[in-house]
Amino acid sequence: ALHEFPNDIFTNEDRRHGAVVLHVLCAVYMFYALAIVCDDFFVPSLEKICERLHLSEDVAGATFMAAGSSAPELFTSVIGVFITKGDVGVGTIVGSAVFNILCIIGVCGLFAGQVVALSSWSLLRDSIYYTLSVVALIVFIYDEKVSWWESLVLVLMYVIYIFIMKYNSTIHHCFERKTKNSANMVNGLASNTEMDDNSNCDATVVLLKKGNFHRKASVIMVDELLSAYPHQLSFSEAGLRIMITSHFPPKTRLSMASRMLINERQRLINSRTYTNGESEVAIKIPIKHVVENGTGPSNSAERGVNGTRRDEDMAEAGNETENENEDNENNENDEEEEEDDDDDDHEGPYTPFDLPTGKVEILKWIFTWPLSFVLYFTVPNCNKPHLEKWFMVTFASSTLWIAAFSYMMVWMVTIIGYTLGIPDVIMGITFLAAGTSVPDCMASLIVARQGMGDMAVSNSIGSNVFDILIGLGLPWALQTLAVNYGSYIRLNSRGLIYSVGLLLASVFVTVFGVHMNKWKLDKKLGCVCLSLYGIFLCFSIMTEFNVFTFVNLPMCRDH
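Residues numbered from 1 in each chain as written. Predicted model: local features only at pLDDT ≥ 70, side-chain atom pairs only at ≥ 80, totals over all residues. Heavy atoms only, no water.

**Focus: the overall build of the protein**
When helices and strands are tallied, the protein shows 21 helices and seven strands. Restricting the contact set of the protein to residue pairs at least 6 apart, pairs at least 24 apart contribute 74%. Summing over all exposed atoms, the protein offers an accessible surface of approximately 25,500 Å²; the carbon and sulfur share of this is 63%. (Helix = DSSP H or I, 4+ residues; strand = E, 2+ residues; numbered from the N terminus. Contact = heavy atoms within 4.5 Å. Areas by Shrake-Rupley, 256 points an atom, 1.4 Å probe, with all protein chains shown as cover.)

**Notes on the packing of aromatic side chains**
Counted according to the given criterion, the structure contains 20 aromatic pairs. Between Trp-369 and Phe-373, the ring centres sit 4.9 Å apart and the planes meet at 20°, which makes this aromatic pair stacked. Taken together, the residues span about one helical turn, with Trp-369 and Phe-373 both in helix α16 (residues 359-378) at a distance of four residues. In this structure Trp-369 comes out as partly exposed when scored by relative accessible area, which is 32%. Site record: aromatic cluster; members linked through ring pairs are Phe-353, Trp-369, Phe-373, Tyr-376 and Phe-377. (Phe/Tyr/Trp six-rings, centres within 6.5 Å; stacked < 30°, edge-to-face > 60°. Buried < 20%, exposed > 50% of the residue type's maximum accessible area, 1.4 Å probe, protein only.)

**A look at the packing of helix α3 (residues 71-82) against helix α17 (residues 391-420)**
Each pair of packed helices can be described by the angle between their axes along with the distance between the axes. At a minimum axis distance of 9 Å, the contact between α3 and α17 shows a crossing angle of 60°. With respect to each other, α3 and α17 are oriented oblique. The chirality of how α3 crosses α17 is right-handed. Along the contact surface, α3 presents Ala-71, Pro-72, Phe-75, Thr-76 and Ile-79, while α17 presents Thr-399, Ile-402, Ala-403, Ser-406, Tyr-407, Met-409 and Val-410. The residue inventory of the contact of α3 with α17, partitioned by class, reads nine nonpolar, three polar and no charged. (Axes fitted to C-alpha atoms, helices over the stretch in contact; angles between N-to-C directions. Parallel < 35°, antiparallel > 145°, perpendicular 65-115°, else oblique. Left-handed = near helix turned anticlockwise from the far one by under 90°. Nonpolar A, V, L, I, M, F, W, Y, C, P; charged D, E, K, R; others polar.)

**Focus: the pattern of salt bridges**
Inspection of the entire model under this criterion finds two salt bridges. The shortest N-O distance in the salt bridge between Arg-15 and Asp-8 comes to 3.0 Å. The class of Arg-15 is buried, set by a relative accessible area of 4%. Between Asp-126 and Arg-125 there is a salt bridge, with its nearest N and O atoms 3.2 Å apart. For the residue pair Asp-126 and Arg-125, the accessibility class agrees, reading buried in each case. (Salt bridge = Lys/Arg side-chain N within 4 Å of Asp/Glu carboxyl O.)

**What to know about the nonpolar core**
Counting residues in hydrophobic clusters, the biggest one holds 71 residues, and the most contacted among them are Tyr-130, Ile-141, Tyr-158, Leu-469, Trp-476, Leu-503 and Leu-521. Those residues in contact with Leu-469, other than ones at most four positions away along the chain, are Tyr-129, Ser-133, Leu-154, Val-155, Met-157, Tyr-158 and Leu-474. (Core = buried A, V, L, I, M, F, W, Y, C linked by side-chain atoms within 4.5 Å.)

**Side note on the side chain of Ser-70**
Position of Ser-70 relative to the elements: it lies in the loop between α2 (57-69) and α3. Side chain to side chain, Ser-70 and Asp-467 meet in a polar contact 3.0 Å long. Residue contacts for Ser-70: discarding those within four places in its chain leaves Ser-463, Phe-466 and Asp-467. (Polar contact = N/O pair within 3.5 Å; in protein donor to acceptor, adjacent residues only side chain to side chain.)

**A short note on the side chain of Asp-467**
As for its position among the elements, Asp-467 is in helix α19 (residues 453-483). If sequence neighbours within four positions are ignored, Asp-467 has contacts with Ser-70, Glu-73, Ile-93, Ser-96, Asn-100 and Leu-472.

**Thoughts on the packing of helix α4 (residues 88-111) against helix α21 (residues 523-544)**
At their nearest, the axes of α4 and α21 sit 7 Å apart, and the two run at 145° to each other. The chirality of how α4 crosses α21 is left-handed. Residues Val-98, Phe-99, Leu-102, Cys-103, Ile-105, Gly-106, Val-107, Gly-109 and Leu-110 of α4 form the contact with α21, whose own contacting residues are Lys-523, Gly-526, Cys-527, Cys-529, Leu-530, Leu-532, Tyr-533 and Phe-536. Residues of the contact of α4 with α21, tallied by class, amount to 13 nonpolar, three polar and one charged.

**Quick look at the environment of Asp-440**
Along the chain, the position of Asp-440 falls in helix α18 (residues 424-448). Remark: the alpha-carbon pair of Asp-440 and Ala-456, spanning 16 residues in sequence, is separated by 8.9 Å.

**Quick notes on the environment of His-172**
Here His-172 lies in helix α7 (residues 168-178). Judged by relative accessible area, which is 0%, His-172 ranks as buried. His-172 sits 50 residues away from Ser-122 along the chain, and the two C-alpha atoms are 8.9 Å apart.

**Some thoughts on unusual backbone geometry**
Phi angles above zero are rare outside glycine, and Lys-518 is one such case at about 60°. Position of Lys-518 among the secondary structure elements: in the loop between α20 (495-516) and β7 (520-521). The class of Lys-518 is exposed, set by a relative accessible area of 66%. Unlike most non-glycine residues, Trp-519 shows phi in positive territory, near 55°. In this structure, Trp-519 sits in the loop between α20 and β7.

Below, the structure is given as structure tokens:
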């Protein structure tokens, strides 16, 4: 694969004497660049495209949003098929899939700081379809070559998955009826008290009590929530609360939860809350007094948790002018809040000409300056109102940058692997897989710490379905159907079949472990998952180095 790329400025001897460290640093910088482009430019442009196409949340989550979170793996696979003509793409996707399942669940379990309840429906739905995808992959790569119809089957399986997501609520309703006690299990909760303890989101209980609310339109659900909690929630808050329930696709729930947490953190910074008996007074800057006359929950502990949340919501509601056109006004408020977040918390990309405050922020700004300078002039930020109409330009230019950064990343990793005598597959399964999946891991951990690990787990498994079926199926189909009709994709490593087999085993073990742990994610399950990830890596590496059986020819070296 090394000879498919341009010549390196260093010789192999130079690299062995320390120059390889520069390649490692360059590869790490490419990981960071990919995370910035995907999260700050590519995903927002996809959201705008979904809005213009009027796609339902489920279909958008299964198509465009999945593509957004898995773009690095997809482009790495494309480079593996068309440029390196090796196994680096397959290795990256297999390694990333195992990382997503075992490592993300393990990290969430260990560092969530609480026991997180999981939903049986979303986990079973994604796990079953994911198992079918992996079985199909094993069958197709068993003879070490992939034909045009096999790659087409993988792509068509993803089309079926989109339809399943489209009719998710109907299938979910049938699942609920067949399992008598699943009304509580579906949301991973036994009672209202548990709901308050786990997510501190009392308003969501109203939604979970509704047996068939998922058949209604989103706006009706928002209205129900507003009427159930009058004068306590703004329209935007109610919308966010609804979009973190299990009736929305994983990516939507993850992003909505993150947005809700950012908004609440901002409000906590800007407000000081005082509690006095049954009525509470929230003082916000500029100072406004909002008195709640309703009675709080009977439990004093609950009153502390929920009262604070109500005050924050009421303080926000107090800032909004009573207006018939409430939707538009709240949308404006949302935009202002998001701009505040960008300014204060630097959730958005850094700009090359605005120096942030704080020593850590300045160091990060200096580290990312070359990247932010290039992106500032080449990719319009469609999150900003005045650049919103340029979303298609953002989509096209961010796609090109993702392709370029992925190319650089695979090039660096190929050189590192060649210099250290490590096969491409191992570099894909370990270094590339972890690097492309770390942003998802961080997002999942943030959400899991707030008691919403359900969406973190379903997001990690849901993105794997895209990785296997589109990340591998689409480049293979293009090569065997469009570029060179009737040709075969040949896999060099026999050991990949063992790795994919371990991938299948990891799904079974994870779902079985969650079931045995009573659908709860805790430190015990986290330790088990991380241990299994370590075992997977050891077994894969030993297999590729011909420890158990002969699967790989030794690497050629320049003399």
